[in-house]
Amino acid sequence: MSVRVAMMAGMKDAATMASPAALTSPEAYADAVATAVRAAAAYYADGDTPLGDDEYDALVRAVEAYEREHPDEVLPESPTGKVAGGAVVGDVPHSAPMLSLDNVFSAEELESWAAGLERRLGRPVAAWCVEPKLDGLAVAARYRSGRLTQVLTRGDGLAGEDITHAADAVLGLPVQLAEPLDIELRGEVLLTHEQFEQANAVRTAHGATPFAHPRSGAAGTLRAKDRPYRVELTFFAYSALGLPGLGHADLLARLAELGANTAVTTDAAPRRCATLAEAQQRIDEIAALRAALPFGIDGVVVKADAVADQEEAGSGSRAPRWAVARKLQAQHKVTRLLAVEWNVGRTGIIAPRAVLEPVVIDGVTVTYATLHNPADIERRGLMIGDQVFVYRAGDVIPRVEAPLVDERTGDEQPIAFPEVCPRCGDAIDTSEQRWRCVRGRGCQAVASVIYAAGRDQLDIEGLGGTRAVQLVEAGLVSDIADLFTLTREQLLTLDRMGETSADNLLAAIETARSRPLNRVFCALGIRGTGRTMSRRIAAHFGSMVAIRAADAEALAGVDGIGVEKAAVIVAELVDVATLLDKLAAQGVGTAVSEPAAPAAASTDAPEAGPLAGQSVVVTGAMTGALADLSRNAMNELIERAGGKASSSVSKRTTLLVAGEKAGSKRAKAEELGIRIVTPEEFAVLVADHLDVD
Ligand code: IVH
């Protein structure tokens, strides 16, 4: 799993949307206005903005609130009440103003908006129409006798820019209607998820920077002229001039009949609803569908369906009174790139992954995002510390799209690319876009054999890195179970493997065959199950068969395993099912388990032993009877003897085992008056617990 997500409710209400602190001074208000104007200008120039949609909306709401309180301080450049936040003007006048929509952010806000509309009409709204709010750019497409003659952007709502040159590349915007009508289609142009992928592939292939997200891609593409490549877009019609007398749902059906693309053919099709409760239900449905839609939506639009209701409600200067947008949380957010991790997959692919400052996108906390491949990182010019656009569409793995270069402070650091395989340390094949360990699938096998043969696992003497590489490369071993079927003849085919070494290795493997269950389990390398946890699991279940039969709930019954970890273990056990079958066939893992270490906060395993109640820290080199023990083994020993192992000295520490070259921990323990013993003294103290293997 490369994404750590914390699911929250699917739809957010106003309280959970970004909400900046209220503006309390004229300076703060002027600042907020300036920020909003800048963001709107950037947004409408090329679709990009350093503010996420949620942040922009929240900022404008704060500005509005201030203006309600201080009506005589309203600045002329304020974005409130203006189409496109007052950001742009075009040069071709519109036949009728291209309006914007008012927003609501919760079911309650929608209810009071609807109540207001019904008060104005003096009667209930006859019917509602609920449809997706497409996340693209509004355009007007003019037809004469059924032929497309001109396409305009919204501009400031009164006049727009002529983008007829871009019409060819827009799917769903017919050059010829099914009937020779003089009408104007209005709708949204966007890049579907697939078109966005294609666009970025073709752009990067041409050495251009990828689009930060679909909307900026659509905006840039509509304006671009003379590009050496083609980027396809999609049009969705949502209204029209010149087809009077049709209710909204009927109008959409008619537009589809004439050949225009509409949302009618999508899963989020517009639906006529008799009551607001029904409309609310459709809003929830569309919101739930969002992740699965092939294009981005940033809300759901609720419209009074009947012509009479629309006409009587009329429009304000910015938005109609008969329609409103129920906004959904943005799927793009700006956050900081903290680090890049390199993970080696099963096939040896070395994939970079972005570690992000956690950010909530559409109700999900995103901490990691994919970064495709090294070439892609270079093309995007990403640096550690950059503010980046992160995109998450439903259950799709979040992606880092682009850095906000203008936001750089100078403290950003270049991303370090690995020089050797981060898992097995061998060379990296960089000849393809996706880097790969030269061992390919073998990388995993080598790493897992080395791990399994380690001292805390099967403890197979004579099976180190070089031998593991040889065995895997010779095709003799592809997983740890294969070790147990190796023959003397096979071993003798290996380079620098004499008869004695072969016999010794076979004997070591034979000894490993009867290692206790906890060590065999530990050898599987399942995430989150080191030596201590493996002991607990083995002691809890008693056999590999019982461990395999355990579900997450049963596993969570083991001390120290939470529900999250339990689910990971269950999933990983499924992954290694074949390996476990092979091991069982070899009789590996059937020996009884070693006693489990008591858990720190265990209630059913009262602490006993010479270290009961002690908090022990080990420092310096161990000598004497403890000379061979790794730090991990020391910690195990402490726990077996009833103590609690800790890595740093604090007021809670009661005993320090200080070996040779003990440094600052010893000094600190002396300062705190903590009891200090030598490794030899400690060995005497825990003598009864020393030999368990
Ligand atoms: S109706 C007079 N319907 O959202 C009606 N707009 O935030 C005005 N939009 O400017 C628009 N999907 O660009 C309408 N189904 C939909 C829409 C939609 C997206 C856009 C449109 C509008 C903006 C307002």
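Residues numbered from 1 in each chain as written. Predicted model: local features only at pLDDT ≥ 70, side-chain atom pairs only at ≥ 80, totals over all residues. Heavy atoms only, no water.

Per the secondary structure count, the protein includes 22 helices and 23 strands. On C-alpha atoms alone, the protein measures out to a radius of gyration of 33 Å, which is more than a quarter above the 26 Å that the 2.2 N^0.38 rule sets for 693 residues. Taking the principal axes of its C-alpha atoms as reference, the protein extends roughly 95 × 60 × 50 Å. Out of the 693 residues belonging to the protein, those deemed buried represent 49%. Residue pairs at least 24 apart in sequence account for 69% of intrachain contacts in the protein once pairs closer than 6 positions are excluded. Split by element, the accessible area of the protein, about 31300 Å² in all, is 52% carbon and sulfur. The averaged location of the 94 negative side-chain charges in the protein is 2 Å from the averaged location of its 69 positive side-chain charges. (Helix = DSSP H or I, 4+ residues; strand = E, 2+ residues; numbered from the N terminus. Rg over C-alpha atoms; globule rule 2.2 N^0.38 Å. Buried < 20%, exposed > 50% of the residue type's maximum accessible area, 1.4 Å probe, protein only. Contact = heavy atoms within 4.5 Å. Areas by Shrake-Rupley, 256 points an atom, 1.4 Å probe, with all protein chains shown as cover. Lys, Arg positive; Asp, Glu negative; His and termini not counted. Charge placed at Lys NZ, Arg CZ, Asp CG, Glu CD.)

Spatial strand order, S2-S12-S11-S3-S10: 5 strands in an open sheet with mixed pairing. At either margin of the open sheet sits one strand with a lone partner, and together these are strand S2 (102-104) and strand S10 (271-273). The average angle at which neighbouring strand axes cross in this sheet is 35 degrees, direction not considered. As defined by bridge partners, strand S3 (residues 128-134) adjoins strand S11 (residues 297-304) across 7 bridges and the pair is classed as antiparallel. Across the sheet, Leu134 pairs through a bridge with Ile297, a residue of S11. Strand contacts of helix H6 (residues 248-257): S3, S10 and S11, with the helix running at about 55 degrees to S3, the strand carrying the most contacts. (Pairing = 2+ DSSP bridges. Axes fitted to C-alpha atoms, helices over the stretch in contact; angles between N-to-C directions.)

What follows deals with the site of the ligand. In the vicinity of the ligand lie 14 residues, with Glu131, Leu134, Arg154, Glu188 and Lys303 positioned nearest. In this structure, an oxygen atom belonging to the ligand sits 3.0 Å away from a side-chain N or O atom of Lys133. Interatomic distance of 2.6 Å between a side-chain N/O atom of Glu188 and an oxygen atom of the ligand. Burial of the ligand by the protein amounts to 88% of the accessible area it has alone, namely 520 Å². Mapped by element, the contributors of at least two residues to the shell around the ligand are S3 and S11. The element that contributes the greatest number of residues to the shell around the ligand is S3, accounting for 4 residues. (Near = heavy atom within 4 Å. Polar contact = N/O pair within 3.5 Å; in protein donor to acceptor, adjacent residues only side chain to side chain.)

For strand S13 (residues 332-344) and strand S16 (residues 387-391), the ladder comprises 5 bridges, and the chain directions are antiparallel. What sits directly across from Lys333, in S16, is Val390. With 7 bridges joining them, S13 and strand S14 (residues 350-361) adopt antiparallel strand pairing. Following the sheet pairing, Val340 is matched in S14 by Ala354.

A separate point is the UniProt feature "active site" (unreviewed entry) in the protein. Mapped onto this numbering, the UniProt entry gives "active site" (unreviewed entry) at Lys133. Along the chain, Lys133 turns up in strand S3. Non-local contacts of Lys133, meaning those with residues more than four positions away in its chain, are made with Leu101, Gly296, Ile297, Asp298, Gly299, Val300, Val301 and Ala325. (UniProt positions renumbered as here; feature names shortened; annotations may be inferred.)

What follows is about the confidence of the model for the protein. Overall, the prediction assigns the protein a mean pLDDT of 87, with 91% of residues at 70 or greater. For the stretch residues 1-19, pLDDT sits under 50, and the model shows 48 contacts to residues farther than four places along the chain or on other chains. Counting interchain partners and residues more than four positions distant, the pLDDT-below-50 stretch residues 599-607 has 11 contacts. (pLDDT = per-residue confidence, 0-100.)

With that settled, consider the side chain of Thr266. For Thr266, the position within the fold is in the loop between H6 and S10. Assessed through its relative accessible area of 15%, Thr266 is described here as buried. Apart from residues no more than four positions distant in its own chain, Thr266 is found in contact with Phe236 and Phe295.

With that settled, consider helix H7 (residues 276-289). Helix length check: H7 (14 residues) gives 20 Å between terminal C-alpha atoms against 20 Å at 1.5 Å per residue, within 8%. Inspection of H7 places Ala279, Gln280, Arg282, Ile283, Ile286 and Ala287 among the buried residues, and these make up the whole buried set. The arc that holds every buried residue of H7, seen down its axis, measures 160 degrees, which confines them to one face. Opposite the buried face of H7, at more than 90 degrees from it, the exposed residues are Ala277 and Ala288. Of the surrounding secondary structure, the elements contacted by the buried residues of H7 are helix H3 (107-121), S3, S10, S11 and strand S12 (323-327). (Expected span 1.5 Å × (residues − 1). Arc of directions from axis to C-beta.)

So, on to the nonpolar core. Among the nonpolar cores identified, the biggest contains 51 residues, and Ile460, Leu471, Ile480, Leu483, Leu524 and Ile537 are the most heavily contacted of them. Per element, the largest residue contribution to this core is 5 residues, and it comes from helix H13 (residues 499-513). Core analysis: the next-biggest nonpolar cluster, separate from the first, contains 35 residues, Ile163, Leu177, Val189 and Leu243 among them. (Core = buried A, V, L, I, M, F, W, Y, C linked by side-chain atoms within 4.5 Å.)

Looking now at the packing of aromatic side chains. Across all of its chains, the model carries 7 aromatic pairs by this definition. With a centroid separation of 5.9 Å and an interplanar angle of 50 degrees, the aromatic rings of Trp113 and Trp128 are classed as tilted. Of the two residues, Trp113 sits in helix H3 while Trp128 sits in strand S3, which places them 15 residues apart along the sequence. Overall, the relative accessible area of 14% leaves Trp113 in the buried class. Clustering of aromatic rings is evident, with ring pairs tying together Trp342, Phe417 and Trp435. Over the aromatic face of Phe105 sits the side chain of Arg61, whose NZ or CZ is 4.0 Å from the ring centroid. The ring of Tyr368 carries the charged tip of Arg353 above its face, separated from the ring centre by 3.6 Å. (Phe/Tyr/Trp six-rings, centres within 6.5 Å; stacked < 30°, edge-to-face > 60°. Lys NZ or Arg CZ within 6 Å of the ring centre and 35° of its normal.)

The next point concerns the environment of Lys333. Relative to the helices and strands, Lys333 resides in strand S13. Distance in space between the C-alpha atoms of Lys333 and Leu110 is 25 Å, their sequence separation being 223 residues. What Lys333 contacts, discounting residues up to four positions off in sequence, is Asp54, Glu55, Val359, Val360, Ile361, Val388, Phe389 and Val390. In terms of polar contacts, Lys333 uses its side chain to reach the backbone carbonyl oxygen of Val360, at 2.8 Å.

So, on to the sheet that holds strand S7 (residues 170-171). Pairing between the strands of a sheet is mediated by backbone hydrogen bonds and can be parallel or antiparallel. Strand order in the open sheet made by the 5 strands is S5-S4-S8-S9-S7, with mixed pairing throughout. Both edges of this open sheet fall to strand S5 (147-153) and S7, since each of them pairs with a single strand only.

Evaluated as defined, the whole model comprises 40 salt bridges. Close ionic contact of Asp298 with Lys133 constitutes a salt bridge, the shortest N to O distance being 3.5 Å. Taken together, the residues Asp298 in strand S11 and Lys133 in strand S3 connect sequence positions 165 residues apart. Accessibility assignment for this pair places Asp298 and Lys133 in one class, buried. With its nearest N and O atoms 3.6 Å apart, the salt bridge here joins Arg272 to Asp250. Highlighted residues: Arg272 in strand S10 and Asp250 in helix H6, separated in sequence by 22 residues. By relative accessible area, which is 42% here, Arg272 ends up partly exposed. Taken together, the salt bridges that share partners define one network made up of Glu197, Asp376, Arg379, Arg380, Arg399 and Glu401. (Salt bridge = Lys/Arg side-chain N within 4 Å of Asp/Glu carboxyl O.)

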